[in-house]
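# Chain and residue survey
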Amino acid sequence: MTEYAKHELGTFSWADLNTTDLDAAIGLYTDLFGWTVNTQEIPGGGVYAMFQKNGKDVAAASLGNPDAPDVPPHWNVYVTVEDAEQAAKQAEAAGGSIIAPAFDVMDVGRMAVIADPTGAIFNVWQPMSNIGAELLGEEGALSWAELLTNDTDKAGAFYAEVFGFALTPFGPEDPSGSYTVFTKGETQVAGMMKSPMADMPPSWGIYFTADDVDGVADKVKAAGGSWYMEPTDMPMVGRIAVLADPQGAAFGVIKGAEEA
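In this report, the structure presented in the accompanying data block is examined. (Residues numbered from 1 in each chain as written. Predicted model: local features only at pLDDT ≥ 70, side-chain atom pairs only at ≥ 80, totals over all residues. Heavy atoms only, no water.)

### Digging into the packing of aromatic side chains
Which entries qualify depends on this criterion: Ring pairs are drawn from Phe, Tyr and Trp, using the six-membered ring of Trp, whenever the two centres fall within 6.5 Å, and their geometry is named by plane angle: stacked under 30 degrees, edge-to-face over 60, tilted for the rest. The helix count covers DSSP runs of H or I at least four residues long, the strand count covers runs of E at least two residues long, and both are numbered beginning at the N terminus. Only protein chains enter the accessibility calculation, which uses a 1.4 Å probe. A residue is then buried if its area is under 20% of the maximum for its type, exposed if over 50%, and partly exposed in between.
According to the stated counting rule, one finds 24 aromatic pairs in the structure shown. Pairing Y29 with W75 gives two aromatic rings, centres 5.4 Å apart and planes at 85 degrees, and the pair type is edge-to-face. Within this pair, whereas Y29 is found in helix 1 (residues 22-33), its partner W75 is found in strand 5 (residues 74-80), the two being separated by 46 residues in sequence. Each ring, one from F122 and one from F158, has its centre 6.3 Å from the other, and the planes form 65 degrees; the classification is edge-to-face. Note that F122 is positioned in strand 8 (residues 121-127) and F158 in helix 3 (residues 152-163), a separation of 36 residues in sequence. By the burial criterion, F122 is buried, and F158 matches it. Clustering of aromatic rings is evident, with ring pairs tying together F12, F122, F158, Y159, F163, F165, F182 and W204.

### With respect to the packing of helix 1 against helix 4 (residues 213-222)
A packed helix pair is summarised by two numbers, namely the angle formed by the two axes and the spacing between the axes. Operational definition: Lines are fitted to the C-alpha atoms to define the axes, a helix being fitted only along its stretch in contact, and any angle between axes, read from their N-to-C directions, falls within 0 to 180 degrees. Any angle that falls under 35 degrees is termed roughly parallel, while one over 145 is termed roughly antiparallel, one within 65 to 115 roughly perpendicular, and all others oblique. The handedness criterion is simple: a crossing whose near helix is rotated anticlockwise from the far helix by less than a right angle is left-handed, and one whose near helix is rotated clockwise is right-handed. We call two residues contacting when some pair of their heavy atoms lies within 4.5 Å. Basically, the charged four are Asp, Glu, Lys and Arg, the nonpolar ten are Ala, Val, Leu, Ile, Met, Phe, Trp, Tyr, Cys and Pro, and anything else, Gly included, counts as polar.
Contact geometry of helix 1 with helix 4 gives a least axis separation of 10 Å together with a crossing angle of 160 degrees. With respect to their mutual orientation, helix 1 and helix 4 come out roughly antiparallel. The element helix 1 and its partner helix 4 pack so that their crossing is right-handed. Judged by residue contacts, L28, D31 and L32 of helix 1 engage V216, K219 and V220 from helix 4. Broken down by class, the residue content of the contact of helix 1 with helix 4 amounts to four nonpolar, no polar and two charged.

### Points about the layout of surface pockets
Rule in force here: In the cavity and pocket records, a cavity denotes points on a 1 Å grid over the protein atoms alone where a 1.4 Å probe fits but cannot get out, a pocket denotes an open set with protein on both sides within 12 Å along at least 5 of 7 lines, and lining residues are residues with an atom within 4 Å of a point. Grid points are joined across faces, edges and corners, and a volume is the space filled by probe spheres set on the points.
Reported here for the second largest pocket is a volume of approximately 170 Å³. Considering every element that reaches the lining of the second largest pocket, the biggest residue donor is helix 2 (residues 84-93), with three residues. Counted by class, the lining of the second largest pocket contains five nonpolar, four polar and three charged residues.

Bear in mind that shape data such as this cannot, by itself, settle questions of function.
Structure representation (structure tokens):
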């Protein structure tokens, strides 16, 4: 297993779900990925459901903010940084917007919520007692983050400036650059592509590794969810599906080509 005790700066290290039905979400995702749940009280009210795989933290879920009822259910992504406040300032200087200035999350870390210049929202995470995911890239764990945006040039320049990502087209068969891979050194960190629909708001999405992509997709549909992309074999990638849970939060599942 690929276990982590720390994450490199500028890498995606966590994902959590904001939902309108926490009990339903817990029931679905534990069934899909074999997760167990460690429910933690949130100071001031509410709970944070920590999902675990083999005793390792992999993701979490909580009810959406009642003060923002128009925000639909969604998965959030987090990038590890050394200093959340400084990262937010760098993002703002590069053309982004600070949605929530840096704040402490109890004693586990410090975070800020940021929108890139095209409007896609992400979080930065300054770890203290909690690093984020303790397991990545394995069955039932976060394996990829992907940006859909209406301006890949503007977005790419932003993330390169803020996090030092190198931008490379995906494979020699893609000279058009229709899919861009963000890398840190030799590590592939995330991907970016143009939104498939002009009116689709720019957003970050996530993929979890699944040995049975079709089975996960079928379970989501049976539970009342939907498919944005049916299970499909992608050359050099593997088998993937893009789904939405019954509350509408989108996520993907992937079985890598080397595992297929």
